[in-house]
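# Geometric and topological summary
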Amino acid sequence: MTQRLRLVRLTLVFISLSMLITGMLGPALARAQGPNSPHVLVMTVDGIINSVKEGFISRAIDQAEEDGAELLIIQLDTPGGLLSSTREIVELLLESPVPVAVYVSPKGARAGSAGTFITAAGNFAVMAPGTNIGAATPISATGEDLEDTLASKVENDAAALIRSIAQTRGRNEDKLEETVRSAASYSAQEALADNVVDLIAEDLDDLLAKLDGLTADTSLGMVVLETEGLEIRTIEKNILEHFLEFISDPNVSFILLTVGGLGIVVEMFNPGLVAPGVVGVICLLLAFLALGNLPVNWAGAVFIVLASVLIMLEVVVAGFGILGVGAIVSLMVGGLLLFTQFGDSSPTLPSINVNRWLLSGTGGVVGLALVYVVGLAYQSRKEGPPEKASVLTGMLGRVTGELAPKGIVMVGNETWTAVSEDDTVIRIGEPVEVRSVEGLILTVFRRIDPETQENS
């Protein structure tokens, strides 16, 4: 036994040392493979622009600089995104020490709304045939037009930003401003003819051939590109970025918030279960992390948490369906409001909402579950055997919801609505005895705790 334990310890030490050495030598081995040799770094950015995309682009620029890349190519396909993230990305591109080409691709892709700003901010704005750019007019997060005063305020701010970008990169200010002022959208050929973009390229090889010999203005000065025949390397999202992207989906964040709220409420009504509380906290933390990447309306989040509270009250207090109906209504309203923005909305954000089928399905599942659980509780209590009342009479229980004079008690393994005898107030945790049973309501009186009596 001792020899086997010693062997296990030696194995663990060997594995730990191997991992440590690998971690220390990894960067050196990577440098030895020639990361500083001439190459082009290519990344793909698709979907809604948010802080995850912002971090990904920032990491790609840092890696391109560190590895000595001649050029960073951002393959872009987006309907738009958060204005805050769009501004940060524009700043990153304008201050990049490495030349950046924003390439709207593949064929059929678009650089809508926020994508227009990002494309215009690159050293080289390039489109594949069959792509389009534009339609950056400010709208609300629900896809509706803004009221006149607000629209003017947000529109002017967005127009000033895109004019500034156009002036910096030497592109057509008027045409780019039209994408904001009048929701103008251009095909690849139209954008090229109007100097909205610089080039049209069939693929990456065609793009590199056309960029060869061109000059880029970077934060470190003017750079003449020598791109023809360069090695193409790609940078992918890491595990954390993939995970953040997944939970930042509006539907996933809605589910996390719903499950998290329900788990916390279950734990509060049933202290000591542990598992619901742990799951609830984890889901809520993930939900808040996801909502940080989305234009959340916190009133919707409150409605969803309220729905969880009402569900538990329906099960525990037996509200005969009234609390359950309130829970379903609250859940539906919360889901509808969760990503609905009022007032000053982002001019670069496409319509974001919880899928209506998911919302309806969730409400239906909750409703059916409540009908089943409450039905079982009602049947077991009201339609049980005749001796049920006599069995309960005289049983000891404990108060779980203060009786003043009505509250909740735990008798055996069941939770009951109860009233105190003579309308006395009995606090949580005090022992009680069942005096009588009438329908679903117990009449109880305070019972001296035997343990307390012995100690005294």
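Residues numbered from 1 in each chain as written. Predicted model: local features only at pLDDT ≥ 70, side-chain atom pairs only at ≥ 80, totals over all residues. Heavy atoms only, no water.

## Overview of the environment of Glu 66
Position of Glu 66 among the secondary structure elements: in helix H2 (residues 51-66). Owing to a relative accessible area of 63%, Glu 66 belongs among the exposed residues under this scheme. Through-space distance from the C-alpha of Glu 66 to that of Val 98 is 9.9 Å; in sequence the pair is 32 residues apart. (Helix = DSSP H or I, 4+ residues; strand = E, 2+ residues; numbered from the N terminus. Buried < 20%, exposed > 50% of the residue type's maximum accessible area, 1.4 Å probe, protein only.)

## Things to note about the packing of helix H3 (residues 83-94) against helix H4 (residues 114-121)
Relative placement of two packed helices is described by the angle separating their axes and the distance separating the axes. Orientation of H3 relative to H4, taken along the N-to-C sense of each, is 10°, at an axis distance of 9 Å. Comparing the axis directions of H3 and H4 gives the class roughly parallel. Each of Thr 86, Ile 89, Val 90, Leu 93 and Leu 94 in H3 lies in contact with H4, whose residues at this interface are Ala 114, Phe 117, Ile 118 and Ala 121. Residue composition of the contact of H3 with H4, by class: eight nonpolar, one polar and no charged. (Axes fitted to C-alpha atoms, helices over the stretch in contact; angles between N-to-C directions. Parallel < 35°, antiparallel > 145°, perpendicular 65-115°, else oblique. Contact = heavy atoms within 4.5 Å. Nonpolar A, V, L, I, M, F, W, Y, C, P; charged D, E, K, R; others polar.)

## Some words on helix H8 (residues 204-211)
Those residues of H8 not exposed but buried are Leu 204, Leu 207, Leu 208 and Leu 211. The arc enclosing the buried residues of H8, seen along the axis, measures out at 95°, which places them on a common side. In this structure, the buried residues of H8 make contact with strand S1 (39-46), strand S2 (71-77), strand S3 (100-104), strand S5 (124-127), strand S8 (199-200) and strand S11 (231-234). Capping of H8 at its N-terminal end is provided by Asp 203; its side-chain oxygen lies 3.2 Å from the backbone amide nitrogen of Asp 205. Among the residues trailing H8, Gly 213 stands out with phi positive, at a value near 90°. (Arc of directions from axis to C-beta. Polar contact = N/O pair within 3.5 Å; in protein donor to acceptor, adjacent residues only side chain to side chain.)

## So, the packing of aromatic side chains
Applying the stated criterion to the full structure yields one aromatic pair. Each ring, one from Phe 288 and one from Trp 298, has its centre 6.0 Å from the other, and the planes form 55°; the classification is tilted. Of the two residues, Phe 288 sits in helix H11 (residues 275-291) while Trp 298 sits in helix H12 (residues 298-318), which places them 10 residues apart along the sequence. In this structure Phe 288 comes out as partly exposed when scored by relative accessible area, which is 42%. (Phe/Tyr/Trp six-rings, centres within 6.5 Å; stacked < 30°, edge-to-face > 60°.)

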